[in-house]
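Single-letter residue listing:
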Amino acid sequence: MTDFDEKLRQMATAEDTPVPDGFDARLADTLSGLPGGARRLRRGLRIALIAACLCAAVVGTTMAVSPTMREYLAKFWGLFLPYTQDIDDVTYVSDGIEVKVISAMADGTMAKVYIQARDLEGDRLYDGMGSSCSLHRKGHPSGPSKPSTGGSCRCVAFDEETGIALIEVYAWGPYSSGAADMELFIGGFSPEEDGEPSFGGGYTIPLQIELLERRAFQVHTKLTAVDLDGTQLDDVVMESFEISPIGLAAAGSSGSDYSHISIRVHLEDGTVRSANFASSNATSYADGTVFEWGAYWDFPEPLDDIDAVTGVTFGTWYIPIYEDGTVGEGYQLSG
Amino acid sequence: MTLTREQFTQAVTQHSRAMFRAARAVLDSDMDAEDAVSEAVLSAWQHRGKLRDAGAVRPWLVKIAVNCARRLRQKNGRMLYFDDLEQLSGGTRDRQYHELWEAVLSLPPESRTVVVLFYYEDLTVEQIAQTLKIPQGTVKSRLSRAREKLRTMLCEEVERA
């Protein structure tokens, strides 16, 4: 550092840097308009909640579901709202992030839950944050034999007024019939959408989700399916399929690719309902049951009476379903 | 640690001049520099969880401002403003400056940036090289050339100091 350098640094320190007229006001506007403006809790309430939680990772408290979140839920569930169940569970707090599971819907293969989260200690949550959660069966094995269920977790709404985030957790994979004991692992949250979770996670919430009724069929059918547009598909060996009011799941041999198969469900009144391919997965294990390959299709609108289903068309391959719950030999639909 | 909204607002307000200066060193107009600062504020807010040391908030904000300004410069390409015409015509070549900032603005953008980071932000050559992702030797040569120009332009002021 020369004397000249020292003199320049003195000048740099002493001088004011001119900025454009109105710079400070516009900067203030930018700062006040930053996303994720959570309303701070009253100090007394904050201290009470923090004290109640002590230093433990998870402590049960009670928190009402935000009315705004109820409105968001109604919007996201749409026509499927009647098939959801409210989860009136305790609230969990970790690193000052309060989490509550508020709503769920599941059949034997697909499960979706919504949770609301709020920052008790600051403004760390906002609509562009990253969130990491996973939903799976209780006792889900880990290690090499871990079932390869798929899923996603994302913040779908953020209420600026209350600072409450609505997070959707979606899971796909085989689940047991009857009441399902599930576990929701809260991995945590990140300031970046795709960032590693850095706060508010690392614990598991036990969940009891009542599974929707469904009809299951064993088929063991080799489909040399021709899609509706005439495209020849690879052979598919389907072992079983299952229909619920919200979707259709199929399982089969490893290597089968259902993803391009269009699904149509035929009802006894003559109407035909289509389903949209949602996801597929390979080599999933549940209670020792092996689903080597499977796929799931969502119904755009709920199928209110699954007993009214008289057949399903996979591509152009029609499989009739009889009143006694058995399936007949499939055949290629002409035309 | 993650800055709260209040802490973040306070930090940006406190260091807004440094952010503007850093952006203006990269860009050729006050207007673009202000745009870069706005982008930098949003970016810093979204990534505030990455700030590990609250004491390092100023260099962190300045670095983000530099990065946003460089992206804006790349996006806009080299734009010519009326303010540049005097420099290009040689009108400032032998001019004496009384303010350091005024003299810095007459330097080429590459020199302006290293000068601002070195003299205004007290960053080391190594830190500047990391921030601008250029070799330390390049920082030193740019700094050396800028120093000589500033010595000429600020001759009277430095003598007085």
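Residues numbered from 1 in each chain as written. Chains lettered and ligands numbered in written order. Predicted model: local features only at pLDDT ≥ 70, side-chain atom pairs only at ≥ 80, totals over all residues. Heavy atoms only, no water.

Student: Teacher, can you tell me more about the pattern of salt bridges here?
Tutor: Between side chains of opposite charge, pairing is possible as soon as their charged atoms come close. Within the structure shown, the criterion is met by 16 salt bridges over all chains. Where Asp307(A) meets Arg215(A), a salt bridge forms, and the shortest distance between an N and an O atom there is 4.0 Å. With a gap of 92 residues between them, Asp307(A) in the loop between strand E15 (289-298) and strand E16 (309-314) and Arg215(A) in strand E10 (residues 215-223) connect regions that are remote in the sequence. Owing to a relative accessible area of 13%, Arg215(A) belongs among the buried residues under this scheme. Members of the salt-bridge network, linked through shared partners, are Arg21(B), Arg58(B) and Glu121(B). (Salt bridge = Lys/Arg side-chain N within 4 Å of Asp/Glu carboxyl O. Helix = DSSP H or I, 4+ residues; strand = E, 2+ residues; numbered from the N terminus. Buried < 20%, exposed > 50% of the residue type's maximum accessible area, 1.4 Å probe, protein only.)

Student: Help me understand the side chain of Glu121(B), please; the structure alone is not making it clear to me.
Tutor: Residues and elements named next belong to chain B. On the secondary structure map, Glu 121 appears in the loop between helix H7 (109-120) and helix H8 (125-132). Judged by its relative accessible area of 11%, Glu 121 falls in the buried class. Polar contacts involving the side chain of Glu 121 include one to the side chain of Arg 21, which spans 3.5 Å. At 2.8 Å, the side chain of Glu 121 and the side chain of Arg 58 are in polar contact. Those residues in contact with Glu 121 that lie beyond four places of it in its chain are Ala 18, Arg 21, Arg 58, Val 62 and Val 116. (Polar contact = N/O pair within 3.5 Å; in protein donor to acceptor, adjacent residues only side chain to side chain. Contact = heavy atoms within 4.5 Å.)

Student: Explanation requested: the pairing of strand E17 (residues 317-320) of chain A in the structure shown.
Tutor: Within a regular beta strand, the side chains point alternately toward one face of the sheet and then the other, so they alternate between its two faces. Residues and elements named next belong to chain A. What you see with E17 is no split at all: Trp 317 and Ile 319 on one side and Tyr 318 and Pro 320 on the other are buried throughout. A loop of two residues connects E16 with E17, the two strands running antiparallel in sequence, and Gly 315 in this loop sits at a positive phi of about 65°. Where E17 and strand E18 (residues 331-332) come together, two bridges link them in antiparallel fashion. Its bridge partner lying in E18, Trp 317 is registered against Gln 332. (Pairing = 2+ DSSP bridges.)

Student: Teacher, can you tell me more about the packing of H7(B) against helix H9 (residues 136-153) of chain B here?
Tutor: The relative placement of two packed helices is expressed as an angle between their axes plus a distance between the axes. Residue and element names in this part refer to chain B. The contact between H7 and H9 brings their axes to 9 Å, and the two run at 90°. In terms of their interaxial angle, H7 and H9 are classed as roughly perpendicular. Of the residues in H9, those touching H7 at Glu 110, Ser 111, Val 114, Val 115, Phe 118 and Tyr 119 are Val 139, Arg 142, Leu 143, Ala 146, Arg 147 and Leu 150. By residue class, the composition of the contact of H7 with H9 is eight nonpolar, one polar and three charged. (Axes fitted to C-alpha atoms, helices over the stretch in contact; angles between N-to-C directions. Parallel < 35°, antiparallel > 145°, perpendicular 65-115°, else oblique. Nonpolar A, V, L, I, M, F, W, Y, C, P; charged D, E, K, R; others polar.)

Student: Teacher, can you tell me more about the interface of chain A and chain B here?
Tutor: Interface size is commonly expressed as the accessible surface area that is lost when the partners come together. Contacts between the two partners involve 32 residues from chain A and, on the opposite side, 39 residues from chain B. Of the roughly 3400 Å² buried between chain A and chain B on both sides combined, carbon and sulfur atoms contribute 62%. Our count for the chain A to chain B interface comes out at twelve residue pairs in polar contact (both at pLDDT 80 or more). When contributions to the side of chain A that touches chain B are tallied by element, the ones reaching two or more residues are helix H1 (3-14) and helix H2 (23-32) of chain A. Within the side of chain A that touches chain B, the residues separate by chemical class into 15 nonpolar, six polar and eleven charged. (Buried area = accessible area lost by both parts, 1.4 Å probe.)

Student: Is there a simple way to think about the confidence of the model for chain A in this case?
Tutor: When pLDDT is low, close inspection of the predicted coordinates is not appropriate. Residue and element names in this part refer to chain A. Averaged over every residue, the pLDDT of chain A is 77; residues scoring 70 or more account for 74%. Between the elements of chain A, mean pLDDT differs from a low of 29, seen in helix H3 (residues 43-53), to a high of 93, seen in strand E13 (residues 263-267). For the stretch residues 37-62, pLDDT sits under 50, and the model shows 43 contacts to residues farther than four places along the chain or on other chains. (pLDDT = per-residue confidence, 0-100.)

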